[in-house]
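# An overview of the molecular structure
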Amino acid sequence: LPAACMERPQVVSHVQQALNYTVFDCKWVPRSARLLCLGSAARGTGLVQLYELHGARLELLREIEKPKPIKCGTFGATSLQQRYLATGDFDGNLNIWNLEAPEIPVYSVKGHKEIINSIDGVGGLGIGEGAPEIVTGSRDGTVKVWDPRQKDTPVANMEPVQGESKRDCWTVAFGNAYNQEERVVCAGYDNGDIKLFDLKTMSLRWETNIKNGVCSVEFDRKDINMNKLVATSLEGKFHVFDMRTQHPTKGFASVSEKAQKSTIWQVRHLPQNRDVFMTSGGSGSLHLWKYEYPAQRSKKDSEGSEMGVAGSVSLLQNVTLSTQPISSLDWSPDKKGLCVCGAFDQTVRVLIVTKLNKI
C-alpha cells in the first residue's frame, strides 16, 4: 500500500443489525455503549429500540412502541444524569421520554400541525450555555423553540410572514450558545432557503438560498462563538459557510463541493475535531471530509467592510455501505471515531473510523 493510503482514515463496518421496520433516526446514548433506533413499524406505529454494543454484536435491551411513527430525536436538551430523549413524530407531537420508564412522556405538546421533520437540543449534556431548549422544524412551515420547563407554548415561533407561502422545513440546528444570552437557530427548507434566527434579538439575522432543497444543517459546534455551518442539499452538493464574519450585504463567505450525484441526507461533525465531518448519501455512501482554513479568515472590501474568506474542503475517505439511502448518522460523543448510521435497507450499522488522530 502507498504510504498515503496507510495514513488515511478508514471507515470500517463493525456491526450490522437488520431491522424489521423503517429507521428514520439513530442516536448514541451519552456516556454509554448504547444506541437508539427510531422509526416506523409496518403497521404505522412508532418504534424506539435501545441496543447495547457488546464487542461485535448489538443486544436489543428494549423495544418501545408508540401510536405514531417517530421521525427524529435528540438528547441535546437534557442533563447527563437524566439523559431524556426528545422526539418528533409524524403527527406533529414533541414528546420527551425517560427511557427507564417510557410508558408516559415526561413532557408532551402538540407542537405542529404536520410531521416534525427535524429536532435539535441545546443547553443540556453540559453543551452550550443557557436554558435547555429544543427546536423543531415541520412540514407546516414553522420552526418552534421549546423550553421543557414551560408547558404548551413555544418560547419562539418562526413562521412565514403574511403573504409568504409556507415552505416545508426539513432541518434545524442550534448554534452560538457560548454564553447565557446568545443563541441562534438555523433552518433549511425544501426550496433551498437557509434562515438564521437570532433568539437573543428574536429576529431574522441572515438568509440565503442554495438553489436546492436543504436536507441537513449543522454548526461545527453549538457551544462556541459561531464558527462554521455546513448545509447539504437534495442534489449532492454541500456548502460550508464561515460564520465568523458577516458582511453587511454579501453575508457569510462559503465554499461548495459537489460530493455525489445523489441527495446528501445528513452532515455530522466529529465531536472531537470540529474541522472533520461526515456526509451521508442517497447512494448508500458515507464521505469523510476535512475543512482547511485560509491563511486569513477575513479581509476588507473596497468600502472598508470586513468580509469573510472561505477555506477549502478535502475528501479523506468514502465508502459505500448500502444500496439504499443512509438517512441518519450520529458520532459517539465519548469514543472518537465510533459512529452509527441507519439506512432505508432497514439496517443499522456501527462503524469505526480509524486514524482520526493523524489528520
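Residues numbered from 1 in each chain as written. Predicted model: local features only at pLDDT ≥ 70, side-chain atom pairs only at ≥ 80, totals over all residues. Heavy atoms only, no water.

The protein chain carries the name Dynein axonemal assembly factor 10 in an unreviewed UniProt entry, which gives Origma solitaria as its organism. UniProt, in the comment section headed Function (unreviewed entry), describes the protein chain in these words: "Key assembly factor specifically required for the stability of axonemal dynein heavy chains in cytoplasm." In its Subcellular location (unreviewed entry) section, the UniProt entry covering the protein chain states "Dynein axonemal particle". (UniProt positions renumbered as here; feature names shortened; annotations may be inferred.)

Read across the open sheet, the four strands follow the order 14-15-16-17; overall the sheet is antiparallel. In this open sheet, the two edge strands, each paired with only one partner strand, are strand 14 (169–175) and strand 17 (203–209). Each adjacent strand pair in this sheet contributes to an overall mean axis angle of 20°, direction not counted. Note that strand 16 (residues 193–198) and strand 17 share six bridges and pair antiparallel. Paired with K195 across the bridge in strand 17 is E207. (Pairing = 2+ DSSP bridges. Helix = DSSP H or I, 4+ residues; strand = E, 2+ residues; numbered from the N terminus. Axes fitted to C-alpha atoms, helices over the stretch in contact; angles between N-to-C directions.)

Further remarks concern the sheet that holds strand 20 (residues 237–242). Spatial strand order, 18-19-20-21: four strands in an open sheet with antiparallel pairing. Lying at the two open borders of the sheet, with one neighbouring strand each, are strand 18 (214–219) and strand 21 (254–258). Adjacent strand axes in the sheet meet at a mean angle of 15° when their direction is disregarded. Of the pairings in the sheet, the one linking strand 20 to strand 21 comprises five bridges and is antiparallel in character. By the bridge assignment for strand 21, F241 is matched with S254.

This paragraph deals with the pattern of salt bridges. Applying the stated criterion across every chain, the model contains 19 salt bridges. In this structure, the salt-bridge partner of K290 is E292, at a minimum N-O distance of 3.7 Å. A relative accessible area of 16% means that K290 is categorised as buried. Taken together, the salt bridges that share partners define one network made up of D220, K228 and D275. (Salt bridge = Lys/Arg side-chain N within 4 Å of Asp/Glu carboxyl O. Buried < 20%, exposed > 50% of the residue type's maximum accessible area, 1.4 Å probe, protein only.)

Enumeration according to the criterion identifies eight aromatic pairs in this entry. Ring centres of W265 and F344 lie 5.2 Å apart, and the angle between their planes is 80°; this geometry places the pair in the edge-to-face category. On the criterion of sequence distance, the pair formed by W265 in strand 22 (residues 264–269) and F344 in the loop between strand 29 (338–343) and strand 30 (347–353) is long-range, its members being 79 residues apart. We classify F344 as partly exposed; its relative accessible area is 26%. Plain terms: the ring middles of Y291 and Y293 are 5.2 Å apart, the flat faces sit at 85° to each other, and that makes the pair edge-to-face. One aromatic cluster is present, formed by F24, F90, W265 and F344 through successive ring pairs. It is K151 that lies over the ring of Y107; its NZ or CZ is 4.8 Å from the centre. (Phe/Tyr/Trp six-rings, centres within 6.5 Å; stacked < 30°, edge-to-face > 60°. Lys NZ or Arg CZ within 6 Å of the ring centre and 35° of its normal.)

This part is about the nonpolar core. In terms of nonpolar packing, the biggest core is built from 18 residues, with M278, L286, L288 and W331 touching the most fellow members. Of all elements in the fold, only strand 23 (276–281), strand 24 (285–292), strand 27 (312–320), strand 28 (326–331), strand 29 and strand 30 reach the threshold of two or more residues within this core. Not counting chain neighbours up to four residues away, the residues in contact with L286 comprise M278, T279, S280, Q317, N318, V319, L321, I326, L329, C341 and L351. Within the second largest apolar cluster, 17 residues are counted, among which are V15, C37, L47 and L58. (Core = buried A, V, L, I, M, F, W, Y, C linked by side-chain atoms within 4.5 Å. Contact = heavy atoms within 4.5 Å.)

Further remarks concern the pairing of strand 12 (residues 143–146). Burial of strand 12 is two-sided: the residues V143 and V145 facing one way and the residues K144 and W146 facing the other way are all buried. Relative to strand 12, strand 11 (residues 133–138) is paired through four bridges, and the arrangement is antiparallel. Paired with I134 across the bridge in strand 12 is W146. Between strand 11 and the antiparallel strand that follows it, strand 12, lie four residues; G141 among them carries a positive phi value of about 90°. Strand direction decides the pairing type here: strand 12 and strand 13 (residues 156–158), joined by three bridges, are antiparallel. Of the residues in strand 13, the one forming a bridge with K144 is N157.

Moving on to the UniProt feature "repeat: WD" (unreviewed entry) in the protein chain. As annotated in UniProt, the feature "repeat: WD" (unreviewed entry) corresponds to residues 134–147 in the numbering used here. As annotated, residues 134–147 has a helix share of 0% and a strand share of 64%, and its two end C-alpha atoms lie 6 Å apart.

Phi is positive for D152, close to 70°, though the residue is something other than glycine. As for its position among the elements, D152 is in the loop between strand 12 and strand 13. Although it is not a glycine, Q346 adopts a positive phi angle of roughly 60°. Relative to the elements of secondary structure, Q346 occurs in the loop between strand 29 and strand 30.

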